[in-house]
Amino acid sequence: FYEAETKEPISETDYKAVDELVKDLTTKKYPFQRLVVSKEEALEMFKYNPFKYATLKDKVPENGFCSVYRCGPLIDPCRGPHISTTGRVKAMTVHKNSSAYWR
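Basis of the calculations
Residues numbered from 1 in each chain as written. Predicted model: local features only at pLDDT ≥ 70, side-chain atom pairs only at ≥ 80, totals over all residues. Heavy atoms only, no water. Helix = DSSP H or I, 4+ residues; strand = E, 2+ residues; numbered from the N terminus. Buried < 20%, exposed > 50% of the residue type's maximum accessible area, 1.4 Å probe, protein only. Contact = heavy atoms within 4.5 Å. Pairing = 2+ DSSP bridges. Axes fitted to C-alpha atoms, helices over the stretch in contact; angles between N-to-C directions. Salt bridge = Lys/Arg side-chain N within 4 Å of Asp/Glu carboxyl O. Polar contact = N/O pair within 3.5 Å; in protein donor to acceptor, adjacent residues only side chain to side chain.

Visitor: Tell me about the overall build of the chain, and please be specific about residues and values.
Guide: The helix and strand tally for the chain stands at 3 helices and 3 strands. Secondary structure elements in the chain, listed N-terminal to C-terminal, are α-β-α-α-β-β. By principal-axis analysis of the C-alpha atoms, the chain measures approximately 40 × 35 × 20 Å. A buried classification covers 24% of the 103 residues belonging to the chain. Taking as baseline every contact in the chain between residues at least 6 positions apart, the subset at least 24 positions apart corresponds to 69%.

In structure tokens, the structure reads:
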């Protein structure tokens, strides 16, 4: 599961590119690093993404903390836990996708 907004709908023709991207990430063996940040830090960190910002604002208590995971160039809010590195992924493929309305 991953929330995102795209200009064009994602279709089956995009699956191969996603699969190739994941294959590349697994060969790099990026470690997953868990970080605990304050609500204020998380809101600043994810202000570029209205979906993550709204979720953090609603779900993390005032003066509270949440965990985020760093993996290579990606950092994302998540409770975890995660596998140790992307190199542990032995198989992955996209079979279907869906969309939803935000709020």
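Visitor: Account for the environment of Ala17, naming residues and giving values.
Guide: By the element assignment, Ala17 lies in helix H1 (residues 15–28). Ala17 gets classed as exposed once you look at its relative accessible area, which sits at 53%. Sequence separation between Ala17 and Lys90 is 73 residues; the distance between their C-alpha atoms is 17 Å.

Visitor: Which residues make up the sheet that holds strand E3 (residues 74–77), and what are the values?
Guide: Ordered by their spatial adjacency, 3 strands build an open sheet running E1-E2-E3, and the pairing between neighbours is antiparallel. Two strands bound the open sheet, and with one partner strand each, they are strand E1 (32–38) and E3. Sheet twist, expressed as the mean angle between neighbouring strand axes with direction ignored, is 30°. Where strand E2 (residues 65–71) and E3 come together, 4 bridges link them in antiparallel fashion. Residue Arg70 lies in a different strand from E3, and its bridge partner there is Ile75.

Visitor: Just give me the short version of the pattern of salt bridges, but keep the residues and values in it.
Guide: Inspection of every chain in the model, using the stated rule, returns 5 salt bridges. With a shortest N-O distance of 3.2 Å, Asp24 and Lys28 are connected by a salt bridge. Of this pair, Asp24 and Lys28 both sit in helix H1, 4 residues apart, which is roughly one turn of that helix. A relative accessible area of 34% means that Asp24 is categorised as partly exposed. In this structure, the salt-bridge partner of Glu44 is Lys47, at a minimum N-O distance of 2.7 Å.

Visitor: Explain the pairing of E2 to me, using residue names and the numbers behind them.
Guide: Most of E2 is tucked away, with 5 of its 7 residues classed as buried. Where E1 and E2 come together, 7 bridges link them in antiparallel fashion. Considered in E2, the bridge of Phe32 is made with Cys71. Counted along the chain from E2 to the antiparallel partner E3, the turn is 2 residues long, and its residue Gly72 has a positive phi close to 60°.

Visitor: Give a description of helix H3 (residues 50–59) that names residues and reports values.
Guide: An α-helical turn contains 3.6 residues, so any two residues separated by three or four positions project in the same direction. Taken residue by residue, H3 has Phe51, Lys52, Ala54 and Leu56 as its buried positions. The elements touched by buried residues of H3 are helix H2 (39–45), E2 and E3. Measuring from the backbone nitrogen of Phe51 back to the side-chain oxygen at the start of H3 gives 2.9 Å, which picks out Asn49 as the cap.

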